[in-house]
Amino acid sequence: SFHRGPETSFTSTFIMGPPPSNEPPKYVILRAVGGEIGAASALAPKIGPLGLSPKKVGEDIQKATMDWKGQNVTVKLTIVNRQATAEVVPSASALLVKCLREPVRDRKK
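A short tour of the structure in this document, coming up. By convention here, each chain's residues receive numbers from 1 onward along its written sequence. Where totals are concerned, whole chains, interfaces and linings use all residues; where local detail is concerned, this predicted model gives features only for residues with pLDDT of at least 70, and gives and counts side-chain atom pairs only at 80 or more. The side-chain numbers reported here are obtained from all heavy atoms of the structure, hydrogens and water having been left aside.

We now examine the overall build of the chain. For the chain, the helix and strand inventory stands at three helices and three strands. Labels follow the DSSP assignment, with helices taken as runs of H or I lasting at least four residues and strands as runs of E lasting at least two, numbered in each case from the N terminus. Reading the helices (α) and strands (β) of the chain from amino to carboxyl end gives β-α-α-β-β-α. Any two residues having at least one pair of non-hydrogen atoms within 4.5 Å are treated as being in contact. When contacts within the chain are restricted to residue pairs at least 6 apart in sequence, long-range pairs at least 24 apart make up 63% of them. Calculation of accessible area relied on Shrake-Rupley with a 1.4 Å probe; when residues are assessed, cover is drawn exclusively from the protein chains displayed. When the accessible surface of the chain is totalled, it reaches about 8400 Å², and 59% of it is carbon and sulfur.

Below, the structure written as structure tokens:
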């Protein structure tokens, strides 16, 4: 008979994530003001049908655009398994303003 000692017992548990999705990622491209939480009402028609919370996605966009404070930038949302990742797609004008280190524009006027 074969005896398995305590050093070879399998006591560890593996925590697995959800299974990988077979469907291709969905992309949503929108304009946002860098470093600000966009209005959830503006995001809702675009990302609501995909089963995402506009408030949470707005916070993700804010985190991704912190380097672009006060500037209008294009944001590309990649949605896989109902998880959105925000990525900034800078335009030429946004890159110029950033490189020239222009002061943040006061938008309240």
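With that out of the way, let us pick up the pattern of salt bridges. Every case where a carboxyl oxygen of Asp or Glu lies within 4 Å of a side-chain nitrogen of Lys or Arg is listed as a salt bridge. Scanning all chains against the criterion turns up two salt bridges. Put simply, Glu59 and Lys55 hold a salt bridge, and the shortest N to O gap is 3.9 Å. On the criterion of helical spacing, the pair formed by Glu59 and Lys55 is a turn pair, its members being four residues apart in helix α2 (residues 54-64). Note on exposure labels: buried denotes an accessible area under 20% of the residue type's maximum, exposed denotes more than 50%, and partly exposed covers the range between, all computed with a 1.4 Å probe on protein chains only. What makes Glu59 partly exposed here is its relative accessible area of 30%. Residue classification places Lys55 among the exposed positions, given a relative accessible area of 58%. For Asp60, the salt bridge is made with Lys56, and the minimal N-O distance between the two is 3.8 Å. With Asp60 and Lys56 both in helix α2 and four residues apart, this pair spans about one turn of that helix.

Glancing now at the packing of helix α1 (residues 40-47) against α2. Axes here mean lines fitted to C-alpha atoms, for a helix over just the part in contact, with angles spanning 0 to 180 degrees between N-to-C directions. With their axes 9 Å apart at the nearest point, α1 and α2 run at an angle of 105° to one another. Classified by the interaxial angle, the pair formed by α1 and α2 is roughly perpendicular. Counted together, Ala40, Leu43, Ala44 and Ile47 of α1 and Pro54, Lys55, Val57, Gly58 and Ile61 of α2 form the full contact between these two elements. Angles are sorted into four bins: roughly parallel if under 35 degrees, roughly antiparallel if over 145, roughly perpendicular if 65 to 115, and oblique for all others.

Time to look at the environment of Val80. Tracing the backbone through its elements, the reader meets Val80 in strand β2 (residues 72-80). Exposure remark for Val80: the relative accessible area of 38% places this residue in the partly exposed category. Along the sequence, Val80 and Glu23 sit 57 residues apart, while their C-alpha atoms lie 8.2 Å from each other.

Each aromatic ring pair is characterised by the separation of its centres together with the angle its planes make. Planes of paired rings set the category: under 30 degrees apart is stacked, over 60 is edge-to-face and the rest tilted, where pairs are Phe, Tyr or Trp rings (Trp by its six-membered ring) whose centres lie within 6.5 Å. By the definition in use, this model includes zero aromatic pairs. Note that Lys76 overlies the ring of Tyr27, its terminal NZ or CZ placed 4.8 Å from the centroid. In this scheme, the term charge over a ring applies when either NZ of a lysine or CZ of an arginine sits within 6 Å of the ring centre and within 35 degrees of the ring normal.

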